[in-house]
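Fold and geometry: a report
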Amino acid sequence: MGSGDQKVAIITGASRGIGAGLVEAYRKRDYRVIANSRTVEESPHPEVVGVAGDIADPRTAERIVDVALARFGRVDTLINNAGVFIPKPFTLYTDDDYALVAAVNMAGFFGITQRVVAQLLAQGGGGHVINVTATLAEEAHTTVPSVLTALTKGGLIAATKSLAIEYACNGIRFNAISPGVVDTPMHTGVDAATIYAGMHPLHRIGTVGDIVHGAFYLEMASFVTGEILHIDGGQSAGH
């Protein structure tokens, strides 16, 4: 693929864990990448551009798309990976907890996705949006009280299906990856395997590589839209 034909991916929540893994994987597959998080650093690779900022702020979303167009001239893929996870019993959540989770998980999704879809339409249609959700949004577990995750990430699952129908005639695909517990810095210093024992059929904590493989399955399956790809303990299954 020549430089003029390279696709451009925007990845949020890109500074560590799943997001950092996705940035590296897309770069290695000859994508140009716009990487966003609050603390993202500039990459040594000329085809990876960091845009620091809070994705919940509409000005950050606007700046991300502006930078993508200024540097690379187009957008092809958006991965909404940024998210906040606060596990607490329902009655212990605070107004600040709710505001933070809703801002990142929902307002962040809304602002960047709306701008990217507008750009994809301006390019003549086509393109791909992947939303990273969570299995806890669909399958609650007694050891992990997480109603704000269910509320917000569950909303992304519904939005994925709705947008897939709305934009099918424009060739814009919307899919979601719904991970279980993934071995990322979120679990540093925690025995996640013990805490979440029994949550997954294979009793195995997932890896960033599992998410990357899921993302590229969806990228290559150009006929697939509205799919919720569950990646749970190393198992992948459509829904």
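Let us look at the structure shown here. It should be emphasised that the depicted structure is a prediction, and the values quoted were computed from it without experimental measurement.

Reading the values: rules and limits
- Residues numbered from 1 in each chain as written.
- Predicted model: local features only at pLDDT ≥ 70, side-chain atom pairs only at ≥ 80, totals over all residues.
- Heavy atoms only, no water.
- Helix = DSSP H or I, 4+ residues; strand = E, 2+ residues; numbered from the N terminus.
- Buried < 20%, exposed > 50% of the residue type's maximum accessible area, 1.4 Å probe, protein only.
- Polar contact = N/O pair within 3.5 Å; in protein donor to acceptor, adjacent residues only side chain to side chain.
- Contact = heavy atoms within 4.5 Å.
- Pairing = 2+ DSSP bridges.
- Right-handed = clockwise from strand over helix to strand, strands pointing away.
- Core = buried A, V, L, I, M, F, W, Y, C linked by side-chain atoms within 4.5 Å.
- Axes fitted to C-alpha atoms, helices over the stretch in contact; angles between N-to-C directions.
- Parallel < 35°, antiparallel > 145°, perpendicular 65-115°, else oblique.
- Left-handed = near helix turned anticlockwise from the far one by under 90°.
- Nonpolar A, V, L, I, M, F, W, Y, C, P; charged D, E, K, R; others polar.

Let us now look at the side chain of H128. When you line up the elements, H128 lands in strand β5 (residues 128-132). Taking the relative accessible area as the measure of exposure, H128 reaches 2% and is therefore buried. For H128, the side chain forms a polar contact with the side chain of E219, separated by 3.3 Å. Those residues in contact with H128 that lie beyond four places of it in its chain are D76, T77, L78, L120, R173, N175, L218 and E219.

The next point concerns the pairing of strand β6 (residues 173-179). Counting buried residues along β6, 7 of its 7 residues qualify, which places the element largely inside the surrounding structure. As judged from the 5 bridges shared by β5 and β6, these two strands associate in the parallel manner. By the bridge assignment for β6, V129 is matched with F174. A crossover connection joins β5 to the parallel β6 through helix α4 (residues 147-166); in handedness this β-α-β unit is right-handed.

What follows is about the nonpolar core. By size, the foremost hydrophobic cluster in this structure holds 33 residues, and its most contacted members are I10, I34, I64, I112, V116 and F174. Put simply, the parts of the chain that give this core at least two residues each are β1 (8-12), β3 (48-52), α2 (58-72), α3 (95-122) and α4. By residue number, the principal contributor to this core is α3, which donates 7 residues. Counting 27 residues, the second-largest nonpolar core is a separate cluster that includes Y26, A35, I211 and A215.

At their nearest, the axes of helix α1 (residues 17-28) and helix α6 (residues 208-220) sit 9 Å apart, and the two run at 50° to each other. The angle between α1 and α6 falls in the class oblique. Relative to α6, the crossing made by α1 is right-handed. Residues G17, I18, G21, L22, A25 and Y26 of α1 form the contact with α6, whose participating residues are V208, I211, V212, A215, F216 and E219. Considered class by class, the residues forming the contact of α1 with α6 number 9 nonpolar, 2 polar and 1 charged.

Take the side chain of S37 next. Among the secondary structure elements, S37 is positioned in strand β2 (residues 32-37). Looking at S37, the relative accessible area reads 7%, which means it is buried. At 3.3 Å, the side chain of S37 and the side chain of S15 are in polar contact. Setting aside residues up to four positions removed in sequence, S37 forms contacts with G13, A14, S15, V51, A52 and G53.

With respect to the secondary-structure elements, Q119 resides in helix α3. Among the residues examined, Q119 registers a relative accessible area of 17% and is labelled buried. Spatially, the C-alpha atom of Q119 lies 7.9 Å from that of R74, the residues being 45 residues apart in sequence. Once residues within four sequence positions are removed from consideration, Q119 is found in contact with L69 and V75.

Looking at the element boundaries, L121 is found in helix α3. Residue classification places L121 among the partly exposed positions, given a relative accessible area of 37%. Residues L121 and N170, spaced 49 residues apart in sequence, show a C-alpha to C-alpha distance of 7.4 Å. Excluding residues within four positions of it along the chain, L121 makes contact with Y167, N170 and I172.

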